[in-house]
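One-letter residues, chain by chain:
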Amino acid sequence: MSEIYYSQAASWKNFLTELRQSFRVYVPQKNNGDYLYQEYRDPVNFSFNSYRAVQPVKSFLFYTKEIIAEDIFTRDLNTEEPRPTVVVGLKNCDLHSLKVQDFVFKEGIEVDPLYSQRRENTIFISGDCSGFKEVCFCLALEIYPHPKEGFDLNLSPVSDGYLVEVGSERGRDLVGRYQKFFQPAKQTQIEVRESKRRGLIEELDRHIKEKDIPKRTILQSIVRQGYSSDLWKNFCLSCVECGACNFICCTCHCFLIGDTQIKDRNPRLRVWDSCQYANFARVAGGANPLKRRAQRLRNRFLKKFDFFVDNLGMPACEGCGRCIEACPARIDIREILRELAKVSPIPT
Amino acid sequence: MYNIYQAQPAIIEDIIEETPTIKSFILRPQRDFSFSTGQFIELSLPGIGEAPFTPSSDPNKKDKLEVTIMNVGRLTQQLHSLSKNVRVGIRGPYGNGYPLEEFKGREILIVGGGVGLAPLRSLLLSLFSELKQYKKVLLRYGARTPKDTLYRNLLSEWSKKIDVITTVDTADKEYKGNVGLVTTILKDFSIDVKKAVSVVCGPPIMMKFTTLKLIDLGFKPENIYLSMEKNMSCGLGKCGHCRIGKYYVCKDGPVFTYDKLENIPDIWD
Ligand code: SF4
Ligand code: SF4
Ligand code: FES
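Predicted model, so just to flag it, every value in this text is computed and none were measured.

## Quick notes on the overall build of chain B
Scanning chain B from N- to C-terminus turns up seven helices and 15 strands. A globule of 269 residues ought to have a C-alpha radius of gyration of about 18 Å, and chain B, at 18 Å, matches this closely. Along the first, second and third principal axes, the C-alpha set of chain B runs to 55 × 45 × 35 Å. Relative to its full complement of 269 residues, chain B shows a buried share of 58%. A fraction of 68% describes how many contacts in chain B between residues 6 or more apart in sequence connect residues 24 or more apart. Carbon and sulfur atoms form 49% of the exposed surface of chain B, whose accessible area is close to 11,200 Å². Here chain B contributes 36 positive and 30 negative side-chain charges, whose respective centroids are spaced 1 Å apart.

## Describing the side chain of B:Asn223
Relative to the assigned elements, B:Asn223 resides in the loop between α5 (204–217) and β12 (224–227). Judged by relative accessible area, B:Asn223 falls into the buried class, the value being 8%.

## Focus: the pattern of salt bridges
Pairs may arise between side chains of opposite charge once their charged atoms sit close together. All names here are of chain A. This model, assessed by the stated rule, comprises 42 salt bridges over all chains. Between Lys-209 and Asp-205 there is a salt bridge whose closest N-O contact spans 2.7 Å. With a gap of four residues between them, Lys-209 and Asp-205 both fall in helix α5 (residues 187–211), about one helical turn apart. The structure contains a network of salt bridges with shared partners spanning Asp-34, Arg-52, Lys-133 and Glu-325.

## So, the sheet that holds strand β1 (residues 4–8) of chain A
Residues and elements named next belong to chain A. Pairing is mixed in the open sheet, where eight strands are placed in the order β3-β2-β5-β6-β7-β8-β1-β9. What marks the edges here is a single partner per strand, and that holds for β3 (34–39) and β9 (183–184). When strand β7 (residues 153–158) meets strand β8 (residues 161–166), the two strands line up antiparallel, connected through six bridges. When the sheet's bridge partners are listed, Ser-156 is paired in β8 with Leu-163. Where helix α1 (residues 9–19) meets the sheet, its contacts fall on β1, β2 (24–31), β5 (85–90), β6 (122–127), β7 and β8, and the angle it forms with β1 comes to roughly 95°.

## What to know about the site of ligand 2
Residues and elements named next belong to chain A. The environment of ligand 2 is made up of Cys-239, Val-240, Glu-241, Cys-242, Gly-243, Ala-244, Cys-245, Gln-276, Cys-327, Pro-328, Ala-329 and Ile-331. Among the cavities detected, the one that contains ligand 2 is the largest cavity. The residue makeup of the shell around ligand 2, split by class, is nine nonpolar, two polar and one charged.

## Brief notes about empty space enclosed by the protein
Residues and elements named next belong to chain A. Counted by the stated rule, this structure contains six cavities of 30 Å³ or more. In this structure, the largest cavity occupies an estimated 120 Å³ of space. Cys-239, Cys-245, Gln-276, Cys-327 and Ile-331 are, among the 14 residues lining the largest cavity, the residues nearest its centre. Elements with a minimum of two residues in the lining of the largest cavity: α8 (244–247) and α9 (293–312).

## A closer look at the site of ligand 1
Around ligand 1, the neighbouring residues are A:Phe137, A:Cys249, A:Cys250, A:Lys304, A:Cys317, A:Glu318, A:Gly319, A:Cys320, A:Gly321, A:Arg322, A:Cys323 and A:Ile333. Of the residues in the shell around ligand 1, the class split is seven nonpolar, two polar and three charged.

## A word on the domain arrangement of chain A
Reports of interface size often rely on the accessible area that becomes lost once the parts have come together. Residue and element names in this part refer to chain A. The domains assigned to chain A are domain 1 (4–210) and domain 2 (216–343). The C-alpha-based centres of domain 1 and domain 2 are spaced at 26 Å. Taken together, the contacts link 41 residues of domain 1 with 41 residues of domain 2. For the domain 1 and domain 2 pair, buried surface summed over both sides reaches about 3,600 Å², with 60% attributable to carbon and sulfur atoms. Contact with domain 2 buries surface across domain 1, with Val-100, Phe-137 and Leu-141 losing the most and accounting together for 17% of the total. Applying the counting rule to domain 1 against domain 2 returns seven salt bridges. Linking Arg-270 and Glu-66 is a salt bridge whose minimum nitrogen-to-oxygen distance equals 3.0 Å. Here domain 1 is connected to domain 2 by 27 residue pairs in polar contact (both at pLDDT 80 or more). Of all elements in the fold, only β4 (65–69) and α2 (92–105) reach the threshold of two or more residues within the side of domain 1 that touches domain 2. The biggest single contributor to the side of domain 1 that touches domain 2 is α2, with ten residues.

## Topic: the domain arrangement of chain B
Residues and elements named next belong to chain B. Under the domain assignment used here, chain B contains domain 1 (8–94) and domain 2 (100–227). Put simply, the middle of domain 1 and the middle of domain 2, counted by C-alpha atoms, are 23 Å apart. Counting residues at the interface gives 18 residues for domain 1 and 16 residues for domain 2. Of the roughly 1,200 Å² buried between domain 1 and domain 2, counting both surfaces, carbon and sulfur atoms make up 56%. For domain 1, the biggest contributors to the area lost against domain 2 are Glu-18, Thr-37 and Ser-56; these three give 34% of the whole. The interface formed by domain 1 and domain 2 holds one salt bridge in total. Across the pair Glu-66 and Arg-121 runs a salt bridge, and its minimum N-O distance is 2.9 Å.

Criteria and thresholds
Residues numbered from 1 in each chain as written. Chains lettered and ligands numbered in written order. Predicted model: local features only at pLDDT ≥ 70, side-chain atom pairs only at ≥ 80, totals over all residues. Heavy atoms only, no water. Helix = DSSP H or I, 4+ residues; strand = E, 2+ residues; numbered from the N terminus. Rg over C-alpha atoms; globule rule 2.2 N^0.38 Å. Buried < 20%, exposed > 50% of the residue type's maximum accessible area, 1.4 Å probe, protein only. Contact = heavy atoms within 4.5 Å. Areas by Shrake-Rupley, 256 points an atom, 1.4 Å probe, with all protein chains shown as cover. Lys, Arg positive; Asp, Glu negative; His and termini not counted. Charge placed at Lys NZ, Arg CZ, Asp CG, Glu CD. Salt bridge = Lys/Arg side-chain N within 4 Å of Asp/Glu carboxyl O. Pairing = 2+ DSSP bridges. Axes fitted to C-alpha atoms, helices over the stretch in contact; angles between N-to-C directions. Near = heavy atom within 4 Å. 1 Å grid on protein atoms, 1.4 Å probe; cavity = no way out; pocket = protein on both sides within 12 Å on 5 of 7 lines; lining within 4 Å. Sits in = over half its atoms within 2 Å of the grid points. Nonpolar A, V, L, I, M, F, W, Y, C, P; charged D, E, K, R; others polar. Points joined across faces, edges and corners; volume = space filled by probe spheres on them. Domains from an automatic or database assignment. Buried area = accessible area lost by both parts, 1.4 Å probe. Polar contact = N/O pair within 3.5 Å; in protein donor to acceptor, adjacent residues only side chain to side chain.

Rendered as structure tokens:
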């Protein structure tokens, strides 16, 4: 049975304010119709974000550029224990992307120390979507606009406040420690939540249908079958190789390791990388399997819809639409998937 | 905190000039370091960078490690300018290596091209330490010119133990041996190609034509072992650079049997 509480809007704000004594608290702030995560400082007003923020969640766990070894010969990495962090305002797409990032950094042959440490130290408070952006297409990927799992706490706006669902032991502890801000939710409030959720799904479903995005179940095969299609060439024409589509994507995880010299130390750095860059796959001898832009655009789709489906059982795309908004060339992932479905022999 | 990106120091004990563009570096790791044949390491120059190399030495020799490096890029050029006693960094070993157990009792045709003989040398040294375990070992090696032929002295030494044939793409005045691509010396051997294994390492184009030729000769795709070269950076299946189909070369390879790769488009690019 799920554990659901009610927190009145003012109590919720007081709760966040108190949290600041023990945590760094990030909340979304409204900015020109978008939401940007910012550290919560009084008198910042908490405004519930109706859709996902601009920044991908990965940026809390895996920084754009950071030192991953103080010196290649020093055995220990000097990381000051980061202050525990609370991030408020993730959506279900963001939570799904954490599955991909966890798979990359926490599983496999070795565990990434920095990522895991931050993951341990970060509490995620997600929320239902109460609206969506034009670019949102999570439903096409069978991701609902409200979370079911993967969060510590989840917020659903109801009149005068929020329902707060517990999703983990850590979430339960938090509510326990700050009991005065929470009271048990009423059945009628939960019914309101359910009907709001249903309403939004219907609205979003109509939106997705208009965009005619192929179903999740056929994405892998259309990307594979479209391997030799001309559409990669056609779509990449306007690409300026800025890498924004990768950097803004909540599931993209590629990075580059680089060594530098600072006085007598030789720190090792890790920097986000983009498969849309010309040298991404180039080897020292000069061979480059991703020489052409069309190959690189295709690579982005193969990685997301083929590699990850084979290795993780899910595509590395959550339909957040961030790449669509970020692309200066207006290259639209929905359109590419739709065109792939058209040239693919499978009935859709 | 244990850090997977940390290198450990190794001292360059000796440097051997193999060809005008290839040098071997004999490294002495400062802490215990072992690998199995065919696995690779990340070798770094402090403050400059890191690149993957497959050791060319006998994995049974635990105190030293040898890498044979062709001067092809920024890092390898810097490595080539080093002298003895310099400290470098090593990380690893990474990847799967050659499955020696599967080779036991079988005929093994080893085909090398250019600097691709380096990892194969490590394999050969492993095989030599228990040569009776293998039914037959043959080596076929091609280099661009006689000058580019790697491990010349070793090749003649090895030919006392196993069947060795070499060739060059282009001859010079003094040269008397075979001329032609390595695929032209893949013939006249009395092995049962249906059961034998083949191990191939070299530049992509050489691997491509060798593999096609081996298939032509009757080798089974699952018996052809290829060492794939991709742009590897982390070596740990995290950085995303070395993807090929559903695999990461750094962790699922670098050694793959051809049956795993044959349906992936453009694997030789
Ligand atoms: S590919 Fe685009 S829509 Fe999909 S998760 Fe990444 S940024 Fe979002
Ligand atoms: S954001 Fe657009 S222009 Fe930039 S690399 Fe991606 S596809 Fe190309
Ligand atoms: S080298 Fe980083 S994933 Fe293979």
